[in-house]
Amino acid sequence: MNTPDPDGCGRLPPEDTRTEARRLEALHLYRILDTVRETHYDRITALAASMLDMPVALISLVDRDRIWFKSAHGLEVGEIPRCEGFCGSAIRQDGVYEVPDTLDHPVTRHDPLVTGAPGIRYYAGVPLQVEGGHAVGVLCVLDFRPRRLDEEGRARLIALAELARDQIEFRHALSRLRTLADADRRFRVLFEKIADPMLLLDVESGVFTDWNPAALRMLNYPDRAQVIALRPADISPECQPDGRPSADKAIEMMAIARREGSHRFEWVIRSPYSAERSIEVLLTAVVLDGRDVFITTWRDLSAHKQAEAELAESRVRLKFALEGTGDGVWDWDVVHSTVFFSPRWKGMLGYAEDEIGNGLDEWSSRVHPDDIGQVMADVQAHLEGHTEQYVNEHRVRHRNGDYLWILDRGKVVARDADGLPLRMVGTHTDVTERRRVMNDLAQSELAQRALLDAMADGVFVAQDFRFVFANTALPRILGYSRDEFIGLHFTDVVHPDFLELWCERFRLRISAGPEPLRRYEVQFMHKNGQRPVWIELIASRFVHEGDPAVLGIVRDISEKKINEQMIWRQANYDALTGLPNRHMLIHRLDQEMKLCQRHSWSLALLFIDLDRFKEVNDTLGHALGDRLLKQAAQRISGCLRETDVVARFGGDEFTVLLGAIEQPEVIEAIAAKILDRLHQPFQLDQHMAYVSASIGITLYPGESDSVDDLMMHADQAMYEAKRAGRNRVSYFTRSLQDDAERRMRLVADMHAAIEQAQFSLVYQPIVHIASGKVRKAEALIRWQHPERGHVSPADFIPIAEETGLILPIGDWVMRTGIKFARDLQARLGETVQISLNKSPVHLRNRKPGYPSVVELLAEYGVSGSLIAVEMTEGMLIEADEQTLQRLYALRDAGVQVSLDDFGTGYSSLSYLKKFDIDYLKIDQSFVRGLSAHSSERALCEAMIVMAHKLGIEVVAEGVETHEQLALLREAGCDYAQGYLFSRPLPAEHFEVWLRENG
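These numbers were taken from a predicted model, which means no experiment stands behind them. (Residues numbered from 1 in each chain as written. Predicted model: local features only at pLDDT ≥ 70, side-chain atom pairs only at ≥ 80, totals over all residues. Heavy atoms only, no water.)

## Points about the pairing of strand 29 (residues 759-768)
Link 1 in the chain: Extensive coverage of strand 29 is indicated by the burial of eight of its ten residues.
Link 2 in the chain: Relative to strand 30 (residues 774-785), strand 29 runs antiparallel, the two being bridged by nine bridges. Residue Q764 lies in a different strand from strand 30, and its bridge partner there is E778.
Link 3 in the chain: Taking the residues between adjacent antiparallel strands as the criterion, strand 29 and strand 30 are bridged by five residues, where G772 takes a positive phi near 80°.
Link 4 in the chain: In this sheet, strand 38 (residues 985-986) lies alongside strand 29 in antiparallel orientation, the contact comprising two bridges. (Buried < 20%, exposed > 50% of the residue type's maximum accessible area, 1.4 Å probe, protein only. Helix = DSSP H or I, 4+ residues; strand = E, 2+ residues; numbered from the N terminus. Pairing = 2+ DSSP bridges.)

Here it is as structure tokens:
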């Protein structure tokens, strides 16, 4: 068991500070603190309280300085300072953290939650460890009394903590998915609002899948309906300016972009609403929603081309034309190394026209150091005639120190006779915004992909009854690689038992009607059908590539299902025998009663208690006792019909439910069969054990109309079978209920009698027949009830023995009898031995607080010769080893033992020798019929002769006539007791009688 931390306030030693910092970082990452209460968590705490029989169950989140409660069952609490809770210690444990009694621990005993309201006396908690191994909170249970969890309880608490942890992870996964959706929305906003024309071109099909408004405007399309499923060739002349067919060249350009990652080229486009125009195209390969696409951007070159055509006519016209496009213009005199920069070129970088000269370094010095090498290499390549046009994107420093992304394009427009460049003209275009959009898109896509692949939960998109997208987690859960999984049909993945439900909900979700249940549990099949995998699904409507689809998040809950099954079985089945337990039987009984009401059927409930099972347990040990219970369960089960139920209620008690009874004979036949099978010997290793069964039966409909009544009545009938001699069947009757109620009232009255001293002892003299002297007396208990008057011991002693009340009553009898014998000896100067009746329950008692006879003699400082202990034959027959030791201790202390009611029990001679008995008391049933020619005379004489042969003296009970006394004297009887001499007398009257007659 883990024990509390030494300070109890959640403070950490210095070496654990970094671990705690990482734990707190994980807690805040999950964003669960200070959120609203949720039923998913409340159900877990309610289940914990129920399964562990605890009044309070909590889910806490342990922050730096406080403990905040996400769910609280049985206690109104929002948050508390961290130093005042137990969760601050539990959060750092690996398993169950338990404080069995808070008042016994040096830290918790002073905690305000212990010393004041609510008065916590017990605490147990399990940390909730999320992905990465960090504990963010605790599932804990509390009680207001000390206790301990057994191993089964600890296992249940751990399993419930797993459910709580799964719920935290699941809610976090949903939050992350929403983040992905938000990122997708941000890209959509940028895509729609960017000023440059932008399109999405599907790599596989070669079809434009989306156009932004700027692209539609460039070709004057009125709406998106006009551009559905268009290809590049559909918006181009039949051939491009170089004479190549547009369709063939488009395929080549896409192949280059796919190979290189991006590709820039010039193109001519047109539409039914627009004349031909020259554009520059940039294709950038990315992956969106699991598919390869080109982000396509256009730049209108019409004005640029026109300017180039007029360049030879007018350098001024060129500059104005290009400036009109919004670009900056540069004109480089290669021979003299001077450059003309247009006002727009300078203004683009934040400078006035007179702030930048005409040296080449005015440009090159402002290019980013990381880019200048490639820029100059591309310029040189064009000057040497290796490229048709110079094109480069690089960063140029703005006046404010920021860098702008510039698309730099140029062309040599004049060469000398040797082909050396004389003049090169070009433009600068600010593409910073487009770059930002592209970067955001790339980052968004990377983030989405990384986040999806980092998720422990599976994510999929389904279309056309197939899985068209999945993150890495889902295929891994099912044993596939990602490539193997994409494209699988539902029939390849969904378990056949759930396929119809899955497909039906898929159809409903992609239709326009009401959306079906979003969250439910189904089974998938592991790869190659090796095993089913339980998954929890959250499904939503989705649009994928313009068509209806289903987006799903799945979590592998196979282990959770195993835990739930284990918890359910522990809650409903007996761990030893595998039979249903009390909880399961009550549920089944309630169902059967409803069926009886609906169909006018009958049922029978049998309560079975194994007779003398305790002797087997005490003699052979609990291990063999458990094996006997298992065999008994199998034997009972073998006696039943397929529709019947047998349950174990605990200990040696079993219950059988017989449903749909048509003939009463069926009940009797099954009960008789059970009695017979349980009466047969049980082979336990080398031992042979013998038990029997007492069976109580109640019927429905009948005297009982509820589950509780049926069980109570069957229990009463079973106890009646035990009282009637065991190994038999007893049916419940109304008289049994009346008797049970009377017994219940009598038990309550006995408790009051003990507290209010309503019991008293009376003493009946035992006369020595030969001398007529009285040196013995028997103490008899009497109960004078304030309302009922005198209550016979025959009525209350058996009930006191059954309920355990005989222990305090017997202790009082022993103490009172010993004190009376001691005081009588002191007053008379002679010993008068007092016989005290000893209950078998008192003799076998192991409970503390009830000392033995020998211990009481020592406590009162008297000799054992002052008293004798009377017991029945049955006590000696059933004596175990500890009982034998107590009997031997009586003999060693000088206490004589009388065998009461001799002749009415087993009457075996073996235990008379074994236990060194001092007196036999002939039962009054023999003495009452004693006369000169009666059979009772012969029996009495035989018992007296036998006892004397064994060295045992004889006391005859119930002597009421002089004839009886004379016959006993003639037979050699030693002592007589009865109304002929005196009725039982109160202590003070007995002493007077003794002085007068003793």
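## Describing the environment of L478
Link 1 in the chain: Tracing the backbone shows L478 in helix 14 (residues 473-478).
Link 2 in the chain: Residues L478 and N528, 50 residues apart in the sequence, show an inter-C-alpha distance of 9.5 Å.

## Examining the nonpolar core
Link 1 in the chain: Counting residues in hydrophobic clusters, the biggest one holds 71 residues, and the most contacted among them are M750, I834 and F990.
Link 2 in the chain: The dominant element in this core, judged by the number of residues it contributes, is helix 26 (residues 806-828), at eight residues.
Link 3 in the chain: Excluding residues that lie within four positions of it along the chain, I834 makes contacts with Y763, A777, A779, G817, F820, A821, L866, I867 and A868.
Link 4 in the chain: The next biggest cluster of nonpolar side chains, apart from the first, holds 33 residues, and it includes I636, V656, A689 and A693. (Core = buried A, V, L, I, M, F, W, Y, C linked by side-chain atoms within 4.5 Å. Contact = heavy atoms within 4.5 Å.)

## With respect to the sheet that holds strand 11 (residues 291-300)
Across a sheet, strands are paired by hydrogen bonds formed along the backbone, either parallel or antiparallel in direction.
Link 1 in the chain: Taken in spatial order, the five strands make up an open sheet running 8-7-11-10-9, and their pairing is antiparallel. The outermost strands of the open sheet, each flanked by one partner alone, are strand 8 (208-211) and strand 9 (262-271). Strand-to-strand twist across the sheet, computed as the mean angle between neighbouring axes with direction ignored, equals 30°.
Link 2 in the chain: Sheet analysis places strand 7 (residues 198-202) next to strand 8, joined by three bridges and oriented antiparallel. Paired with L200 across the strands is D210, a residue of strand 8.
Link 3 in the chain: Contacting strand 7, strand 9, strand 10 (274-288) and strand 11, helix 7 (residues 246-260) runs over the sheet at an angle of about 155° to strand 9. (Axes fitted to C-alpha atoms, helices over the stretch in contact; angles between N-to-C directions.)

## Remarks on unusual backbone geometry
Link 1 in the chain: Residue P118 is reached from A117 by a cis peptide bond, and omega for that bond is 5°.
Link 2 in the chain: The amide bond that connects Y700 to the next residue, P701, takes the cis arrangement and shows omega of -5°.
Link 3 in the chain: Here P701 is to be found in the loop between strand 27 (692-700) and helix 23 (707-723).
Link 4 in the chain: One non-glycine residue, D34, lies in the positive phi region at around 60°.
Link 5 in the chain: Examined against the element boundaries, D34 turns out to sit in the loop between helix 1 (17-29) and helix 2 (39-51).
Link 6 in the chain: One non-glycine residue with positive phi stands out, namely S337, at about 55°.
Link 7 in the chain: Turning to its location among the elements, S337 is positioned in the loop between strand 12 (328-333) and strand 13 (338-341).
Link 8 in the chain: Its relative accessible area of 37% is what places S337 among the partly exposed residues.

## Describing the packing of aromatic side chains
Link 1 in the chain: Applying the stated criterion to the full structure yields 30 aromatic pairs.
Link 2 in the chain: Centroid distance F467 to F485: 5.0 Å. Interplanar angle 40°. Geometry classified as tilted. Here F467, found in strand 18 (residues 466-470), pairs with F485, found in helix 15 (residues 482-485); they are 18 residues apart in sequence, far enough to count as distant. Comparing F467 with F485, the two get one shared label, buried. (Phe/Tyr/Trp six-rings, centres within 6.5 Å; stacked < 30°, edge-to-face > 60°.)

## Some remarks on the pattern of salt bridges
Side chains that differ in charge, positive against negative, can pair when their charged atoms come close.
Link 1 in the chain: Across all of its chains, the model carries 60 salt bridges by this definition.
Link 2 in the chain: Where E564 meets K560, a salt bridge forms, and the shortest distance between an N and an O atom there is 3.9 Å. Here K560 and E564 lie together in helix 18 (residues 558-572), a separation of four residues that amounts to about one turn.
Link 3 in the chain: According to the relative accessible area criterion, K560 is buried, its value standing at 17%.
Link 4 in the chain: Among the ionic pairs, D611 bridges to K722, the shortest N-O distance being 2.6 Å. Linking D611 in strand 22 (residues 603-611) with K722 in helix 23, this pair joins segments that are 111 residues apart in sequence.
Link 5 in the chain: Judged by relative accessible area, which is 0%, D611 ranks as buried. (Salt bridge = Lys/Arg side-chain N within 4 Å of Asp/Glu carboxyl O.)

## A short note on the environment of D892
Link 1 in the chain: On the secondary structure map, D892 appears in helix 30 (residues 881-892).
Link 2 in the chain: A relative accessible area of 64% places D892 in the exposed class.
Link 3 in the chain: Between the C-alpha atoms of D892 and V854, which are 38 residues apart in sequence, the distance is 9.3 Å.

## With respect to the packing of helix 21 (residues 622-638) against helix 22 (residues 664-679)
Link 1 in the chain: The N-to-C vectors of helix 21 and helix 22 enclose an angle of 150°; their axes lie 9 Å apart at closest approach. With respect to helix 22, the axis of helix 21 lies roughly antiparallel. Regarding helix 21 and helix 22, the two cross each other, and that crossing is right-handed. Contacts from A632, R635, I636 and G638 in helix 21 reach K673, I674, R677 and L678 in helix 22.
Link 2 in the chain: Its residues assigned to classes, the contact of helix 21 with helix 22 comprises four nonpolar, one polar and three charged. (Parallel < 35°, antiparallel > 145°, perpendicular 65-115°, else oblique. Left-handed = near helix turned anticlockwise from the far one by under 90°. Nonpolar A, V, L, I, M, F, W, Y, C, P; charged D, E, K, R; others polar.)

## Brief notes about a nonpolar patch on the surface
Link 1 in the chain: On the surface, L699, V729 and Y731 cluster together to form a nonpolar patch covering roughly 210 Å² of accessible area.
Link 2 in the chain: Here Y731 shows up in strand 28 (residues 728-731). (Patch = residues over 30% accessible without salt bridge, like charges linked within 9 Å, V, L, I, M, F, W, Y side chains within 5 Å. Areas by Shrake-Rupley, 256 points an atom, 1.4 Å probe, with all protein chains shown as cover.)

## Observations regarding the pairing of strand 32 (residues 833-837)
Link 1 in the chain: The buried count for strand 32 comes to four of five residues, which makes it a mostly enclosed element.
Link 2 in the chain: In the sheet, strand 30 pairs with strand 32 via four bridges, with the strands oriented parallel. Its bridge partner being in strand 32, E778 is matched across the sheet by S835.
Link 3 in the chain: Note: strand 32 against strand 33 (residues 867-872), four bridges, orientation parallel.

## A word on the packing of helix 26 against helix 28 (residues 853-860)
Link 1 in the chain: Where helix 26 meets helix 28, the axes come as close as 11 Å, and the angle between the chain directions of the two elements is 40°. Classified by the angle their axes make, helix 26 and helix 28 are oblique. Crossing handedness for the pair helix 26 and helix 28: right-handed. For the pair formed by helix 26 and helix 28, the contact residues are D811, M814, R815, I818, K819 and R822 on the first element and V853, L856, L857, E859 and Y860 on the second.
Link 2 in the chain: Classifying every residue of the contact of helix 26 with helix 28 gives six nonpolar, no polar and five charged.

Read these as layout, nothing more, since geometry by itself doesn't imply function.
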